[in-house]
Structure formats: C-alpha cells, structure tokens
Amino acid sequence: MLTIYNTLNKRKEEFKPIKEGEIKMYVCGPTVYDYFHIGNARTFIMSDIIRKYLEYKGYKVTYLMNLTDIDDKIIKKSIEEKKDARVVAENYINAFFEDIEKLKVKKADDYPKATAHIDDIVAMIKKLVDKGAAYNVDGNVFYDVSKFNEYGKLSGKKIDELESGARIEINEAKKNPLDFSLWKKAKEGEPFWDSPWGKGRPGWHIECSAMSCKHLGETFDIHAGGNDLIFPHHENEIAQSEAATGKHFVNYWIHFGFLNIDNQKMSKSLGNFFTARDVLKTYPAEVLRFFFAQTYYRGPLNYSIDLLNSAQKGLEKIQNLYERLVQESKNASLTDAETDFDFKPFYAEFERAMDDDFNTAQGIALLFDFSREANKYLSDSSKLNKKFVEGALQFLNKVAVNVFSIINTEGKQMGNSIEDELINLLISIRLDAKKNKNFALSDKIRDDLKELGIILQDSKEGTTYKRA
Ligand code: AMP
Ligand code: ZN
C-alpha cells in the first residue's frame, strides 16, 4: 500500500488515484529568468524519482511542469540584459531543458507556459470576478480572500494571524492585505495582453490554477513543489481553483524540503547558490541524484562539497557492481544453472521503503545491502552463473537505473576521469599546505594550475575548479 504525506491533511495517507491505474501530477516549475540552482534541482530530481517510482508501480502518470515565462523578475532581467522579455524567457527555457536533460530528469508530458495560456487565465479570472470572489480596482484585479472560508487550510495559517503578520505586500488598492493579484495592470514599457480590465499581465498564482485545470482537470491527484510554495502560492492556487470550479482541487500535496547552505535556504535572492550547470561541470548527474536520494525528501538537506565527494565515493560501489555485472553478462563460459540468489526480498524491501512516502534514503541503503550480497556471488565461482547475473542486472536496471537514475549505463568510469582525480588531489595538497601556512606551495599549485587552464575557486564550502 502506497502512503503519501499529504501537506493538506498533515499526515501520511493511503494513496488512491481518482481513476484506477492513472495519476495526474503537476509540479511547479521554474521562473525562467536565470539558470536554475541545485536547490531547484532537488525539487526537480525528487519529483522525477517519485514519478518514476509511480511508473514502476504500473501507473500511467501524466506529468506536467509549468514554466513561468512572464513575471517581475523576467521583466527586471530583460531591462538588465537589454533584451525583450520574451527573448530572456526563451533563452532560459532552452537552458532549463538542457540542464534537466543532463540531470537525467525524464521529460514531462507537457511544459505549459503562462504566456501561451492568457485566454485560459483571463477566463478563470473572469469567472472569479463574476462569482464575486475577485474585484477590479482600476485595471488591477485582486482575489478577495474574505470570500473563501477555507483560506489557510493548506498552510494551517489562520486569516487573522496572517493579517497581523508583517510580510504581506501593502497595497492601498486592496480591500484586505491578504488579497492577492490575479491581473496586474501594465506599467509603461512592460509586456501586456488585452483583457476585460484593460492591458496587463497575469499574476503568478493564477497561471498554475488555470493551466492545471486546463490540462489535468478541475480535480487531480498530486500537486508538488518546494516547501516555500506552501504559502502563499499553493494556498492561493487552492483558493482560486476551488472558488472558480466549486470542486475540490487536489487530493495529495507533496512538498520538498530546502537544500540549505550553512543551514540557510539556497536561493537566488540570498546569492548563496550554485547553478546546476556549474556543479555538473565537476560532478556527474548521477552523483547529484544519489546525494539527494540519500535523504528523505521532506526534510532539509545541507549542501557541501565534502558531502558531494562522499556521495561520489559511495555511489562508486554501485556503479562498479553494475559494470562488473555487464562484463559477466558477456562471459560465454558461465553456466545456465538455476541461481539460489533470492531477489524477491530485495524487491519487497525496495517497495516497502518507497511505498512509505517515497523513503528513498532506505531505498538507497537497500542498494548497498544488495551490492554486498551480489559481490559475494561475483567472487564465488560456484555461485556465479548466468541466471544470477541476469537477475542482478534486472534488479539494478529496475531500481537504480529506471527509478533513481544513479547509474551511468554507458559503463564509463563513474565520476571523475583520472585528470579530475589528479586535480582534486592537488586541491587537497593545497589545502594541507594552507593549513600549514605554506603559502608559497599553495599559491604555486593555484598558479600552475591556472597556466594549464584550470581555475580554482575558493568558497566557504570548499574549493571547486573550472576550465578556462
Ligand atoms: P523558482 O524558480 O524559484 O520558482 O523555483 C522552482 C522550484 O524549485 C519550486 O518548486 C521551488 O519551491 C523549488 N526550490 C527553490 N529553492 C529551493 C531550495 N533551496 N531547495 C529545494 N527546492 C527549492
Ligand atoms: Zn505553481
């Protein structure tokens, strides 16, 4: 039985899809004004693993991720880059696709864009205005929170507490400080679309309500995103969708914990981020995926280069096992005898862990147990036979390749080339030199590497390098 921690009801619940055998899932995607960072990558990768596990269980999953391609941040960037907002969005959408492909994230069934759904968004806002759930003030349309009795049901926040909170945007035009923008009147020089309320653009929350409704229906199974989206984004999505349709919006809400640096959320606004693009220059996607999968998705996770390095070391064991098995699968001298290796408990244990709210941490621990047992068979000629090799490869393919995607099936040496290993060795010698105040040596290593086109970058988290 699959159980999911549902943010809406604040407990683990048995999962029941609306339609037998099918799941409709929506994940809030990026605002495309920059390359995404590895905090965003945690959300994209963990939702990818959840989707792949649901597919492993035999569900037909329709998986949607939206692209927010019109937003204050995109407009700001377009002014900085002196480019049209559409060009800025298009460039970062392309970069997004390149990066998630490198991260081995399976393509969504669709990536709906806000700017391609203006008609649907306007229609939903109109419905809300007609029902008295939203109001227009001089071309700005706001959602009237006081009309939605259940406001706060996702985040567990009470309206009166929220009203006294200081973090709410002050806007004279709003009836209530909690009311939020559905339609923003165009300012001079900003991109705009026509609407019954004049020229303007949609607010952020309404795009997810309108696009999920259009593509997945008024009620669907799973909605996911990072913890930061519970309030106000998802709270507002519920208010909009349920007021517009009169139906229950989403059955299961899944939220991912933050990737932190020094116990602080990694975010673009704090500037404490590493882009996935940069990290992928040093670490293969498999290492990053393994690093995330080692931790239960709901809790926070600290990022450091040391942790990534030890993830890389750990993962090598599983990669080596896989490569060894591939080699043996080509070994013509193996016998056809039945194997006494029992694969069933490993599948059962994997499913038990993942059925328990996608406990990937236990799923990964199980892979190490499996690898220990399988290695015994590989080193014992009386046990090493074709059936064992086939069964072991099948297990790794189903679990480590298809669900976690942490194995490089092309059989290339996992992780770093010998050249990367040597650079890392020099980096650690340089660190020792610095500790011993041998700055002549540490500077020499940095300068000599620079001459070879390897630029070292020091930060609090450690030293990384890039090629010039
Ligand atoms: P954004 O581009 O900021 O709208 O974020 C895209 C997705 O990444 C959203 O689902 C966010 O909740 C999620 N996200 C942002 N920062 C982090 C973080 N530090 N850790 C985990 N997920 C994050
Ligand atoms: Zn959203």
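Each chain carries its own residue numbering, running from 1 in the written order of its sequence. Lettering for chains starts from A, numbering for ligands starts from 1, and both go in the order in which the items are written. Local features in a predicted model are, by the rule used here, given only for residues with pLDDT of at least 70; side-chain atom pairs are given and counted only at 80 or more, and totals for whole chains, interfaces and linings are based on all residues. Computation of side-chain values covers all heavy atoms of the structure but excludes hydrogens and water.

Asker: Help me understand the coordination of the zinc ion (ligand 2), please; the structure alone is not making it clear to me.
Answerer: By definition of the ideal shapes, four donors in a tetrahedron about a metal sit 109.5 degrees apart, and six donors in an octahedron sit 90 or 180 degrees apart. Counted as donors are N, O and S atoms no farther than 2.8 Å from the metal, or 3.2 Å for Na, K and Ca; water is not among the atoms, and sites may therefore look incomplete. At this site the zinc ion (ligand 2) is bound by Cys28 (SG), Cys208 (SG) and His233 (NE2), with donor distances of 2.1 to 2.2 Å. Along the chain, the residues donating to the zinc ion (ligand 2) fall in the pattern C-x179-C-x24-H. Of this pair, Cys28 sits in the loop between strand 3 (22-27) and helix 1 (38-56) while His233 sits in helix 7 (residues 230-245), placing them 205 residues apart in sequence. Starting at the N terminus, helices and strands are each numbered in turn, a helix being any DSSP run of H or I of at least four residues and a strand any DSSP run of E of at least two.

Asker: Please clarify how the sheet that holds strand 7 (residues 180-185) should be interpreted in this entry.
Answerer: Backbone hydrogen bonds hold the strands of a sheet together, and the pairing may be parallel or antiparallel. Any two strands with at least two DSSP-identified bridges between them are counted as paired. Within the open sheet, the four strands sit side by side as 5-6-7-8. Their pairing is antiparallel. Since the sheet does not close on itself, it has two edges, and those belong to strand 5 (134-137) and strand 8 (200-202), each with one partner. Across the sheet, the mean angle from the axis of one strand to that of its neighbour is 20°, orientation sign disregarded. Sheet analysis places strand 6 (residues 140-143) next to strand 7, joined by three bridges and oriented antiparallel. Axes here refer to lines fitted to C-alpha atoms; in helices the fit is confined to the stretch in contact. Angles between the N-to-C directions go from 0 to 180 degrees.

Asker: I tried to follow the packing of aromatic side chains on my own but got confused; where do I start?
Answerer: Any pair of aromatic rings gets described here by the distance separating the centres and the angle formed by the planes. In this scheme Phe, Tyr and Trp rings, the latter by its six-membered ring, pair at centre separations within 6.5 Å, and the angle between planes marks the pair as stacked below 30 degrees, edge-to-face above 60, and tilted otherwise. Under the counting rule described, the total for this entry stands at 39 aromatic pairs. Ring centres of Trp183 and Trp197 lie 6.1 Å apart, and the angle between their planes is 55°; on these two criteria the pair is classed as tilted. Here Trp197 lies in the loop between strand 7 and strand 8 and Trp183 lies in strand 7, a separation of 14 residues in the sequence. Residues Trp183 and Trp197 agree in their burial class; the two are buried. Note on exposure labels: buried denotes an accessible area under 20% of the residue type's maximum, exposed denotes more than 50%, and partly exposed covers the range between, all computed with a 1.4 Å probe on protein chains only.

Asker: Which parts of the structure should I look at to understand the nonpolar core?
Answerer: Nonpolar side chains in soluble globular proteins tend to end up buried together. Membership of the largest hydrophobic core comes to 95 residues, with the highest contact counts inside it found for Phe388 and Phe404. Here Phe404 is in contact with Ile49, Arg289, Ala293, Phe350, Met354, Thr360, Gly363, Ile364, Leu367 and Val399, once residues within four sequence places are set aside. Buried residues of nine kinds, namely Ala, Val, Leu, Ile, Met, Phe, Trp, Tyr and Cys, make up a nonpolar core once their side-chain atoms join them within 4.5 Å. If you look at the next biggest cluster of nonpolar residues, it comprises 39 residues, including Tyr26, Tyr143, Trp197 and Ala243. Contacts are residue-level and defined by heavy atoms, with any inter-residue pair within 4.5 Å sufficient.

Asker: Can you walk me through the pattern of salt bridges in this structure?
Answerer: A pair can form between side chains of opposite charge whenever their charged atoms are brought close. Salt bridges are defined by distance alone: a side-chain nitrogen of Lys or Arg within 4 Å of a carboxyl oxygen of Asp or Glu. Taken as a whole, this structure holds 44 salt bridges when the rule is applied. As a salt-bridge pair, Glu242 and Lys153 come within 2.8 Å of each other at their nearest N and O atoms. With a gap of 89 residues between them, Glu242 in helix 7 and Lys153 in the loop between strand 6 and helix 5 (159-164) connect regions that are remote in the sequence. A relative accessible area of 10% means that Glu242 is categorised as buried. A salt bridge links Glu190 to Arg201; its shortest N-O distance comes to 3.4 Å. Taken together, the residues Glu190 in the loop between strand 7 and strand 8 and Arg201 in strand 8 connect sequence positions 11 residues apart. We note that Glu190, like Arg201, is buried. Through salt bridges that share partners, Arg51, Glu55, Lys106 and Asp109 make up one connected network.

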